[in-house]
Amino acid sequence: MTAGNRSLVPGAGIALVVTGILVAAISLRGPIVAPTPVLREIEGDLGIGSATAGLITTAPVLMFALLTPLAALVIRRAGAEVALLVSLSGVFVGTLIRAIPGFEWMLAGMLVIGAAVTVGNVVIPVIIRRDVPGPKVAVVTAAYVAMLNVGSLLTSLATAPLASLIGWPAALLAWGILTVAGIALWSVHLRRARRSGDRFSGPATATAVASGGGGGEVARLTGPLPVVVARRERSFARRPVTWLLLASFAAQCSIYYALTTWLPTLAADTLGLGATAAGALASVYQGVGVAGAFLVPLLARYAPRAVAPMVICVCWILVTGGMLLAPDLLWVWLIAGAIGHSGGFVVIFSALVAVARDDREAAGMSALIQGGGYAVGALGGPAMGLIHEITGRWTGGLVLLLALAIVYCVALSTAVAAAGRARR
């Protein structure tokens, strides 16, 4: 928003903006998750091993880590509206590229998708913050985070059935229809805004985001979404709490992307399920996350401060330890894991906002924590695949995830305690 929390869009256009954001959100996670229900078929058809297959979901996460600063340049040069259209168009182009036969094209397509999603991750919070009336920002942001999970849910649930009918390459390509819908809807908004003379975000808005102006508010409202920063204060790097939050986020990303990559395959191998049933079971991990995004704010409002992080820590221990010790109850553990991954982001970035001494430091810490966390998290899928490839079992990989969950709990608990002291 501009100074004084004034929206740049008149009342009649806000509904179209919000609808466009929510439809766009479906394409900012779903294409990354889409290959996972058919990963075994992809391995066989492309002649690759499990460790190599893990790179399919790793590639976009690496883009999150590497290209977040570049997204600021895209926004600054193009403006927020055009940047989101560029993001959706990039996702569609990446979807087309990965449909070309060959692992190299699959990987290239996922890299393009990851780069495009990075821009969308950064620009949508800018649009929400600028165009949505202040009292509704939190609700729209929560709905946006929920729609990210809806996109993952749809692709987890329906890719395998589609693949059984038309083959996995066509099934992955079919999800481009949702992206086209987002492009069409956002194009309507652009045309309407230009006809009515609405102002677009130009260099001032983009520069404010890039320099960390309002960074604390962005982090507070958006939770897991990247905050771009061009200038960094070095002092926060010497604070232990920064590295504790980085360790928490890195552990969470590693567990989340390892499970997202291999859940359908693990469920099929462990429980003897077919691809469709395994994909449906894995979709629980994404679907319950829709509700999980609202749980932490609810607990924060009505329960003591320590309750929310404690619940999240218990959820991560349950999903990793439960899958290891009682795999027959996988659906129960996945419900816990869904709450852990969606609520964990909120806890981590709420702690970040509490310990940051000013907006610029909040933005700098956010950039370091997210860049480092995504970089480490990108290793989760290949590492779990490599352990399975070497041992022929999933036990070693699950032990690794349980160890990461313990690291997460220790680091997060310590960081949240520091945040509590900072509030007093």
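Below or above, wherever it landed, is the structure these notes cover. (Residues numbered from 1 in each chain as written. Predicted model: local features only at pLDDT ≥ 70, side-chain atom pairs only at ≥ 80, totals over all residues. Heavy atoms only, no water.)

### Some words on the overall build of the protein
Step number 1: Across its full length, the protein holds 20 helices and 0 strands.
Step number 2: For the protein, the residues scored as buried account for 56% of the 424 residues in total.
Step number 3: Here the contacts in the protein between residues at least 6 apart in sequence split such that 82% fall between residues at least 24 apart.
Step number 4: Looking at the protein as shown, the accessible area adds up to about 15800 Å², and 69% of this sits on carbon and sulfur atoms. (Helix = DSSP H or I, 4+ residues; strand = E, 2+ residues; numbered from the N terminus. Buried < 20%, exposed > 50% of the residue type's maximum accessible area, 1.4 Å probe, protein only. Contact = heavy atoms within 4.5 Å. Areas by Shrake-Rupley, 256 points an atom, 1.4 Å probe, with all protein chains shown as cover.)

### Examining empty space enclosed by the protein
Step number 1: One pass over the full model with this rule turns up 5 cavities of 30 Å³ or more.
Step number 2: Put simply, the largest cavity is a space of about 180 Å³.
Step number 3: Taken together, the elements giving at least two residues each to the lining of the largest cavity come down to α8 (137–166), α13 (240–271) and α17 (330–355).
Step number 4: Element by element, the count of residues in the lining of the largest cavity is highest for α8, at 4 residues.
Step number 5: Within this model, the second largest cavity holds a volume of roughly 50 Å³.
Step number 6: Looking at the second largest cavity, the residues that line it are Ile-26, Ser-27, Gly-30, Pro-31, Gly-151, Leu-154, Thr-155, Trp-175, Leu-178 and Thr-179.
Step number 7: Only α2 (30–33), α8 and α10 (176–196) provide two or more residues apiece to the lining of the second largest cavity.
Step number 8: Element by element, the count of residues in the lining of the second largest cavity is highest for α8, at 3 residues.
Step number 9: Residue composition of the lining of the second largest cavity, by class: 5 nonpolar, 5 polar and no charged. (1 Å grid on protein atoms, 1.4 Å probe; cavity = no way out; pocket = protein on both sides within 12 Å on 5 of 7 lines; lining within 4 Å. Points joined across faces, edges and corners; volume = space filled by probe spheres on them. Nonpolar A, V, L, I, M, F, W, Y, C, P; charged D, E, K, R; others polar.)

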